[in-house]
Amino acid sequence: MKKWFVFALMGLVTACGAETGANANTAAAADDNAVNGDKIRAVMEEAFEGIKISDVRPSPISGVVEVEVEGRDTVYVSNDGSYVLVGNLLQIKDGEVVDPAEQRLEQVRMEGISQLDMAQMITYPAEDQKHEIYVFTDISCGYCRKLHRHIEEYNEEGVTVHYLAFPRGGPAAKAAEAMRHIWCAEDRQQALTDAKLTDKISEAELGECAKPVDEQYSLGLKFGVRGTPAIYTPEGKQLGGYVSPAELLKRLD
């Protein structure tokens, strides 16, 4: 099967994660799945031409493994490799519905955010900071531009905005090259604002300062970013794409 078809299927999946909790089924699944990782990887990569299996790990369901594709998408595969489920696996826990995959991603994001170098992001700080958000952005994205038009309003509401680069077309995209120049500009805040609001691209000389663009793009993939803007809290919770200042405050409070 062609790679493009796999990613068409992935479009149906929402990035999500949750703690599954320890129970007999999980333990049994772990025992079963541990011996099938190599087999599942081989079966999947042969059946779905061109994909890369990043990880195979136990799922909460005995006889089913969780397979990570291309470092960000998750599907569920029977231990014999004959069935593939594309979609969200939800768990009913203590009377509530949780998403184990999203909870797992939240942990990945929280750890990744805690290790970020503030100097490598482009930050618009709130004078009276009440909240911080981390936003993966692309200068060619219409909704990213819409969000940035309200940057002063976010700041006035006490929200500090940390931007990370996520050129949607990948490191070879035209937007990625433009963003490298922005990240190397003497005034990066102004350079990013100019690019988003007036299409004026910095001509700053490239150097080590350009490296965060590719690094942040890779981090975004690990976080499960599928489009921009992608907004996260320091705890790794996903707040959505474009969100108005008023709505953002509701989600943060």
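Use the structure listed above.
The rules we used
- Residues numbered from 1 in each chain as written.
- Predicted model: local features only at pLDDT ≥ 70, side-chain atom pairs only at ≥ 80, totals over all residues.
- Heavy atoms only, no water.
- Buried < 20%, exposed > 50% of the residue type's maximum accessible area, 1.4 Å probe, protein only.
- Helix = DSSP H or I, 4+ residues; strand = E, 2+ residues; numbered from the N terminus.
- Contact = heavy atoms within 4.5 Å.
- Pairing = 2+ DSSP bridges.
- Axes fitted to C-alpha atoms, helices over the stretch in contact; angles between N-to-C directions.
- Patch = residues over 30% accessible without salt bridge, like charges linked within 9 Å, V, L, I, M, F, W, Y side chains within 5 Å.
- Areas by Shrake-Rupley, 256 points an atom, 1.4 Å probe, with all protein chains shown as cover.
- Salt bridge = Lys/Arg side-chain N within 4 Å of Asp/Glu carboxyl O.
- Lys, Arg positive; Asp, Glu negative; His and termini not counted.
- Charge placed at Lys NZ, Arg CZ, Asp CG, Glu CD.
- Phe/Tyr/Trp six-rings, centres within 6.5 Å; stacked < 30°, edge-to-face > 60°.

Asks: Would you take a moment to explain helix H7 (residues 174-183) for this structure?
Replies: Along an α-helix, a turn takes 3.6 residues, which lines up residues three or four apart on a common side. In terms of residue burial, H7 counts as a mostly covered element, since eight of its ten residues are buried. Looking at H7, one finds that the buried residues are Ala175, Ala176, Ala178, Met179, Arg180, His181, Ile182 and Trp183. Buried residues belonging to H7 abut strand E7 (122-124), strand E8 (131-137), strand E9 (159-165), helix H8 (188-198) and helix H9 (211-223).

Asks: Can you walk me through the sheet that holds strand E11 (residues 238-240) in this structure?
Replies: Whenever strands of a sheet pair, they do so through backbone hydrogen bonds, lying parallel or antiparallel. Within the open sheet, the five strands sit side by side as E7-E9-E8-E10-E11. Their pairing is mixed. Every other strand in the sheet has two partners, leaving E7 and E11 as the edge strands with one partner each. Strand-to-strand, the axes of this sheet are offset by a mean angle of 25°, without reference to chain direction. Inspection of the sheet shows E8 paired to E9 by seven bridges, in the parallel sense. By the bridge assignment, His131 is partnered in E9 with Val159. Where H9 meets the sheet, its contacts fall on E8, E9 and strand E10 (230-232), and the angle it forms with E9 comes to roughly 105°.

Asks: Looking at this model, I keep getting lost on a negative patch on the surface. Mind explaining?
Replies: There is a patch of like negative charges on the surface, built from Glu152, Glu153, Glu156 and Glu157. Topologically, Glu157 is positioned in the loop between helix H6 (151-156) and E9. Residue classification places Glu157 among the partly exposed residues on the basis of a relative accessible area of 38%.

Asks: How should the sheet that holds strand E2 (residues 64-69) be read in this particular structure?
Replies: The four strands lie next to each other as E1-E2-E3-E4, forming an open sheet whose pairing is antiparallel. Every other strand in the sheet has two partners, leaving strand E1 (53-58) and strand E4 (84-85) as the edge strands with one partner each. Two elements, E1 and E2, share five bridges in a ladder whose sense is antiparallel. Of the residues in E2, the one forming a bridge with Pro58 is Val65.

Asks: Help me understand the packing of aromatic side chains in this model?
Replies: We describe a pair of aromatic rings using the distance from one ring centre to the other and the angle between the two ring planes. Summed over all chains, the structure comprises seven aromatic pairs. Plain terms: the ring middles of Phe136 and Phe166 are 6.2 Å apart, the flat faces sit at 85° to each other, and that makes the pair edge-to-face. Pair noted here: Phe136 is in strand E8 and Phe166 is in the loop between E9 and H7, with a separation of 30 residues, a long-range link. Taken as a pair, Phe136 and Phe166 share a single burial class, namely buried. Between Phe136 and Phe223, the aromatic rings sit 5.6 Å apart at their centres with planes inclined by 80°, giving edge-to-face as the arrangement. Within this pair, whereas Phe136 is found in strand E8, its partner Phe223 is found in helix H9, the two being separated by 87 residues in sequence.

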